[in-house]
Amino acid sequence: MAVLNLVQAINQGLRQALETDERVLLLGEDIGKDGGVFRVTDGLHAEFGERRIIDTPLAESGIIGLAIGMAAYGLRPVAEIQFLGFCYAAIEQIFTHAARIRARSRGRFDCPLVIRTPYGGGVKAPELHEESTEALFCHMPGIKVVVPSSPSNAKGLLLAAIDDPDPVIYLEPTRLYRLLKEEVAEQPYHTPLGKARIARKGNQLTIIAWGSMLEVVLRAAGEYDAEIIDLLTLSPFDREAVLESVHKTGRVLIVHEAAKTGGFGAELAATIAEEAIMSLRAPIRRVTGYDVVLPLPLLENYNLPSPARIIAAIDDLLRY
Amino acid sequence: MLPIDDGLKLEIAELLQMYRDMVLLREFEESCPKLYSQGKMGGFLHLYSGEEAVGVGASHAMQDGDYMISAYREHGHIIARGADPKVIMAELFGKATGISRGKGGSMHLASAELNFMGGYGIVGGHLPLAVGLGYAAKYQQTGQVVVCLFGDGATNQGVFHEAMNMAALYHVPVIFICENNGYGIGTSVERASSVTELYKKSCAYETPGNRVDGMNVLAVYQLVREAIARAREGGGPSYIEAATYRFRGHSISDPGNYRSPQEKKIWQERDPIPKLGKYLQQHKGVAPAQLETILAEELQRVAAAIEFAEASPEPAADQLMTDIYVEG
């Protein structure tokens, strides 16, 4: 097994999908000759040619629309949008066509489309280049939302997303691209969608996180007897894993970098309140980004959940 | 008058089929307002009356296996492609026997069997999908082409330009047909588009653009046939503006008072159905009785479609939860 970072693991997953399935095509801005702004598609254009690795104009709506047409035809397109914030230019295509083409055709047309896009803060980029608005997509039935947290689950989730018959938004934590390295199995494999991962077992409280926040939570949790759930898929999320852990620990901390109001943590908290309130020994806590337009790069550390904020919340919960 | 005929060398059977298709589309649409006012149809209803020559002319120029994708004034398009009026009527009624079992409705008719890739309710939203379909057909080297229909309003949308650019860039077999009926709901083309000769909008992308009389089924047929032949041979996309007119309002709830009676009269005199009927009688020796028989038969088909829709069951409540994701 080779030790890979997140970029290399996703690149390997894409290469293997292209090798094993002629229907797989990649399209996006600068993904071909240039190899992608984060080098995720590096080398694929040379290897698979421009019929399959398609450099597109700067036209996010057009890119996603094109990919939806390909998917409805029966291909397996993987579209890259350069940053999650740039998806807003394509939101019409994602919400009105990708999410609904199956329902409105009564299952006659599938939309096996993957939209890969870097998301999240911690890279000192401005505003739209650091968005973490995953909850917007979770609110739209008909699409799935996946967020890997490590090189090995990134590869497995990507291959599962490409093989999935529904449209999948695949959010790549920008901050982790080259931060984490681990052994990644050479053979293609699936990490199943809709299944959470228990990143660490524990008994005193449950911490729920995903994507780049998982790394922060693991650092912060240190010696605490915390069970850490890595959701991996936000929509549909693994209710069973969440509830089982909550029943066991009775204390819940949710950590995400998106703004608090209407963030995905609100959905998790509501579900826990509805289905496990009698198991709770303390109110549900959230540590999140603030309800602000993402700030200047030098202020982002005030906004992103830090180990100190997480530790303070853990202490509060345990003292309650 | 019809400027073209002999050059086409169409069989009389094909000409009569075009006539029959246009009559069916017209009678199907004209049966709807009453049913709508009786509360039998929900949602909205954008009727195609007046524009039949475009859909029928284009459809006759296509082969089986070719793709069509359209906007929300598409009852006529899918029927022209061969859908049974019964299942279309049932869809408008929202019934379980509808072509999408009541889930699509008037604006989202679709048929995998006919490669009719759907009606779309967001103006211009489906144009990039057409490019994707064309890319896929080209990639698979199937020889299929994609006919993409939309209204004049779509040419003012951003995705129109994104799609036109990408279609030319990737040289895909897509025929864009703009059904220019002069109005985006109540706003006329002159008040909405800086360029009123809409066929010129493709010149920025070096895509052949042409205007055709959209009230003349043979003229539409001829131009679309040429564009399809070019696309099938690898000649890339085309763009056609069909000048047409809707005899009714934008939707069922629009009386269309922004159009003058004089204007309506001028266009009604260009009605594509009597126009073709007259041509068939004068140049092809078709007896008036034969055309009357066609009308009677198609009226009968529409009546049967209504009867079918009326008698069909509503979707069961559990259908609410299906077809959001692929199951299993």
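Analysis parameters
- Residues numbered from 1 in each chain as written.
- Chains lettered and ligands numbered in written order.
- Predicted model: local features only at pLDDT ≥ 70, side-chain atom pairs only at ≥ 80, totals over all residues.
- Heavy atoms only, no water.
- Helix = DSSP H or I, 4+ residues; strand = E, 2+ residues; numbered from the N terminus.
- Rg over C-alpha atoms; globule rule 2.2 N^0.38 Å.
- Buried < 20%, exposed > 50% of the residue type's maximum accessible area, 1.4 Å probe, protein only.
- Contact = heavy atoms within 4.5 Å.
- Areas by Shrake-Rupley, 256 points an atom, 1.4 Å probe, with all protein chains shown as cover.
- Lys, Arg positive; Asp, Glu negative; His and termini not counted.
- Charge placed at Lys NZ, Arg CZ, Asp CG, Glu CD.
- Pairing = 2+ DSSP bridges.
- Axes fitted to C-alpha atoms, helices over the stretch in contact; angles between N-to-C directions.
- Right-handed = clockwise from strand over helix to strand, strands pointing away.
- Buried area = accessible area lost by both parts, 1.4 Å probe.
- Salt bridge = Lys/Arg side-chain N within 4 Å of Asp/Glu carboxyl O.
- Polar contact = N/O pair within 3.5 Å; in protein donor to acceptor, adjacent residues only side chain to side chain.

Trainee: What is the right way to look at the overall build of chain A in this model?
Mentor: Helix and strand content of chain A: 12 helices and 14 strands. In summary, chain A has a C-alpha radius of gyration of 19 Å against a globular reference of 20 Å for 320 residues, a match within 12%. Relative to its 320 residues, chain A shows a buried fraction of 62%. Contacts spanning at least 24 positions in sequence make up 79% of the contacts within chain A whose residues lie at least 6 apart. Accessible surface computed for chain A: about 11,700 Å², of which carbon and sulfur atoms make up 54%. Charge-centre separation for chain A: the mean point of 33 positive side chains lies 4 Å from the mean point of 41 negative side chains.

Trainee: Would you explain the sheet that holds strand E14 (residues 285–289) of chain A in this entry?
Mentor: As a general point, the strands of a sheet are linked pairwise by backbone hydrogen bonds and lie either parallel or antiparallel. Residues and elements named next belong to chain A. Taken in spatial order, the five strands of this open sheet run E9-E11-E10-E13-E14, and their pairing is mixed. Lying at the two open borders of the sheet, with one neighbouring strand each, are strand E9 (197–200) and E14. Shown here is a sheet whose adjacent strand axes are inclined to one another by a mean of 25 degrees, direction ignored. With three bridges connecting them, strand E10 (residues 205–209) and strand E13 (residues 252–259) associate as parallel partners. The partner of Thr-206 across the bridge, within E13, is Val-252. On top of the sheet, helix H10 (residues 264–276) reaches E10, E13 and E14; it is set at about 155 degrees to E13, its chief contact.

Trainee: Explanation requested: the pairing of strand E2 (residues 146–151) of chain B in the structure shown.
Mentor: Consecutive side chains along a regular strand alternate between the two faces of the sheet. All names here are of chain B. Within E2, five of the six residues are buried, leaving the element largely enclosed by the surrounding structure. Of the pairings in the sheet, the one linking E2 to strand E3 (residues 174–180) comprises six bridges and is parallel in character. Looking across to E3, one finds that Phe-150 is bridged to Cys-178. In this fold, the crossover linking E2 to E3 by way of helix H6 (residues 158–170) has right-handed handedness.

Trainee: How should the interface of chain A and chain B be read in this particular structure?
Mentor: At the interface, 44 residues of chain A touch 42 residues of chain B. Summing the contributions of chain A and of chain B, the shared interface buries around 3,600 Å²; its carbon and sulfur component is 62%. Considering only the side of chain A, the residues that lose the most area to chain B are Tyr73(A), Arg104(A) and Arg106(A), jointly responsible for 25% of the buried surface there. For the pair chain A and chain B, the interface holds three salt bridges. Put simply, Glu113(B) and Arg108(A) hold a salt bridge, and the shortest N to O gap is 3.9 Å. The interface formed by chain A and chain B contains 19 residue pairs in polar contact (both at pLDDT 80 or more).

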